Amino acid sequence: MIVFFKMIVFFKENAMPANRRPTRLKSRPPVPIRKLTEEMMWSLWRAFALVAAIELDVFTRIDAGKTTAREIAEDAGADEAAMRRLLDALVALGYLRRVKDRYALEALAKTCLVRGGDLYMEGAAMIARGLTMGWMQLAEVVRTGKPAVQENSEARARQFFPVLVRSLFPANYTAARAAAASLARDRRHPIASILDVAAGSGAWSIPFAERFPKARVTVLDFPEVTPIAREYATAHGVAERYEFLEGNLRETDFGRDCRDLVILGHIVHSEGPEWGRRLIEKSAAALRKGGTLMIAEMVPNDARTGPAPEMLFSLNMLIHTGEGDVFTMADYRKWLRAAGLGNVRTLKTAAAPSPLIFATK
Ligand SMILES: C[S@@+](CC[C@H](N)C(=O)[O-])C[C@H]1O[C@@H](n2cnc3c(N)ncnc32)[C@H](O)[C@@H]1O
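Figured I'd write up the structure that's included with this text. From a predicted model like this one, the values you see are computed outputs, not experimental measurements.

Points about the sheet that holds strand S5 (residues 242–246)
Then, in step 1: Ordered in space as S5-S4-S3-S6-S7-S9-S8, the seven strands form an open sheet in which the pairing is mixed. Both outer strands of the open sheet, S5 and strand S8 (342–347), are each paired with one neighbouring strand and no more. For this sheet the average axis-to-axis angle between neighbouring strands, irrespective of direction, equals 20 degrees.
Then, in step 2: Where strand S7 (residues 287–296) lies against strand S9 (residues 356–360), four bridges are found, and the strand directions are antiparallel. Within S9, the position partnered with Met294 by the bridge is Phe358.
Then, in step 3: Strands strand S4 (216–221) and S5 of the sheet are contacted by helix H11 (residues 226–235), whose axis makes an angle of about 170 degrees with S5.

Here it is, written out as structure tokens:
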């Protein structure tokens, strides 16, 4: 009721001036109107249906053998008819299938949305809900040029990142497996020493530790996050080769000429252009001759006109950070060259929207 009242006030306050009122349509609309409905309604609703299903743990319940709307609703303490509507919508969205009155998981839901699974996207609903609150304020952010919330301020980061990094694990681990396979083919010498900067769950380094059994990995992150990397490294049987450096990456010494691989996984964007460039410089200095820097990022085209996920990510940074943004391949090439790295190359993987970037010292 309150929401409805607020909407009426909003519409009154934002009423169109008389010269902008709708006129009679003279011909068939020449534009794809459906795109607007799709983007302003359906794509948001898709996300919220999924968030609700995760919050009600629908996928885990189905995996555990509750397969009718009644069983799932009872198990979740939910209303049966309402649950049936949600389940049928999830069938339409491709997460479930239904035979008569029994629901089953499609492969993506089975792999990533069942609690306890290897690639469970833990915390994803909480992150989606949290980020949505910032996105609701985008117009105001653009008006003022100030972020809605600064998730990378140290105090907030320490609460936000422990949840975020778990939700990122499945996609980043999958992309990193492809990266490790590619680097194993490229390199003449095995990788012995890895620095995973802003490691989060360790998603980017764990596949390298798995592929190079002698490799030792140093994880750098806040003390609230390193236990998560330890947990995932333990689950993958590589924790005894991990060590944990806790602190702020801006103040931490990365060492010199001592690493075969330095990983910057989804950290340059939130650091912004100045600290991002410095981070690349510090990482390059830490590499041995012949060592590799790997950067995982959202990278738009050089004109910054697309692809859409990368440009939307740029807005996400505008909303949630002070200086964060996405940077182009031209930016990365310039920073990598200035840091003394060459042989810049990219690797497209199925799990990440943008290609991974590699450069050699
Ligand atoms: C977007 S997450 C990426 C995590 C991981 N690399 C991945 O891609 O899955 C950013 C990570 O950087 C860490 N981080 C951000 N700012 C940091 C800082 N100033 N010092 C140390 N770690 C930081 C966060 O705690 C978080 O783990």
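Quick notes on unusual backbone geometry
Then, in step 1: Pro307 follows Gly306 through a cis peptide bond whose omega is -5 degrees.
Then, in step 2: Among the structural elements, Pro307 can be located in the loop between S7 and helix H13 (308–320).
Then, in step 3: Phi is positive for Asp57, close to 55 degrees, though the residue is something other than glycine.
Then, in step 4: With respect to the helices and strands, the residue Asp57 is situated in the loop between helix H2 (33–55) and helix H3 (58–63).
Then, in step 5: One non-glycine residue, His266, adopts positive backbone phi at about 50 degrees.
Then, in step 6: Tracing the backbone through its elements, the reader meets His266 in the loop between strand S6 (259–265) and helix H12 (268–286).

Considering the nonpolar core
Generally speaking, a soluble globular protein has its nonpolar side chains buried in company with each other.
Then, in step 1: Core analysis: the biggest nonpolar cluster contains 62 residues, and Val58, Phe59, Leu87 and Phe208 have the highest contact counts within it.
Then, in step 2: Here this core gets nine residues from one element, more than from any other, and that element is helix H9 (residues 154–186).
Then, in step 3: Formed jointly, this core draws a minimum of three residues from each of two domains, domain 1 (35–120) and domain 2 (146–360).
Then, in step 4: Discounting chain neighbours no more than four positions away, the residues touching Val58 are Ala53, Ile72, Met83, Leu86, Leu87 and Leu90.
Then, in step 5: Residues Val262, Leu264, Leu293 and Val299 belong to the second largest nonpolar core, which totals 27 residues.

Some thoughts on the packing of aromatic side chains
Aromatic ring pairs are reported here in terms of the distance separating the ring centres and the angle at which the planes meet.
Then, in step 1: Taken as a whole and judged by the stated rule, the model has nine aromatic pairs.
Then, in step 2: Geometrically, the ring pair formed by Phe327 and Trp335 is edge-to-face, given 5.1 Å between the ring centres and 65 degrees between the ring planes. Judged on exposure class, the residue Phe327 and its partner Trp335 are both buried.
Then, in step 3: Between Tyr332 and Trp335, the aromatic rings sit 5.6 Å apart at their centres with planes inclined by 85 degrees, giving edge-to-face as the arrangement. Of this pair, Tyr332 and Trp335 are both found in helix H14 (residues 329–338), three residues apart, which corresponds to roughly one turn of the helix.
Then, in step 4: Residue class for Tyr332 comes out buried when judged on its relative accessible area of 0%.

Reading guide: rules and limits
- Residues numbered from 1 in each chain as written.
- Predicted model: local features only at pLDDT ≥ 70, side-chain atom pairs only at ≥ 80, totals over all residues.
- Heavy atoms only, no water.
- Pairing = 2+ DSSP bridges.
- Helix = DSSP H or I, 4+ residues; strand = E, 2+ residues; numbered from the N terminus.
- Axes fitted to C-alpha atoms, helices over the stretch in contact; angles between N-to-C directions.
- Contact = heavy atoms within 4.5 Å.
- Core = buried A, V, L, I, M, F, W, Y, C linked by side-chain atoms within 4.5 Å.
- Buried < 20%, exposed > 50% of the residue type's maximum accessible area, 1.4 Å probe, protein only.
- Domains from an automatic or database assignment.
- Phe/Tyr/Trp six-rings, centres within 6.5 Å; stacked < 30°, edge-to-face > 60°.

Purely spatial values, then, with no claim about function.
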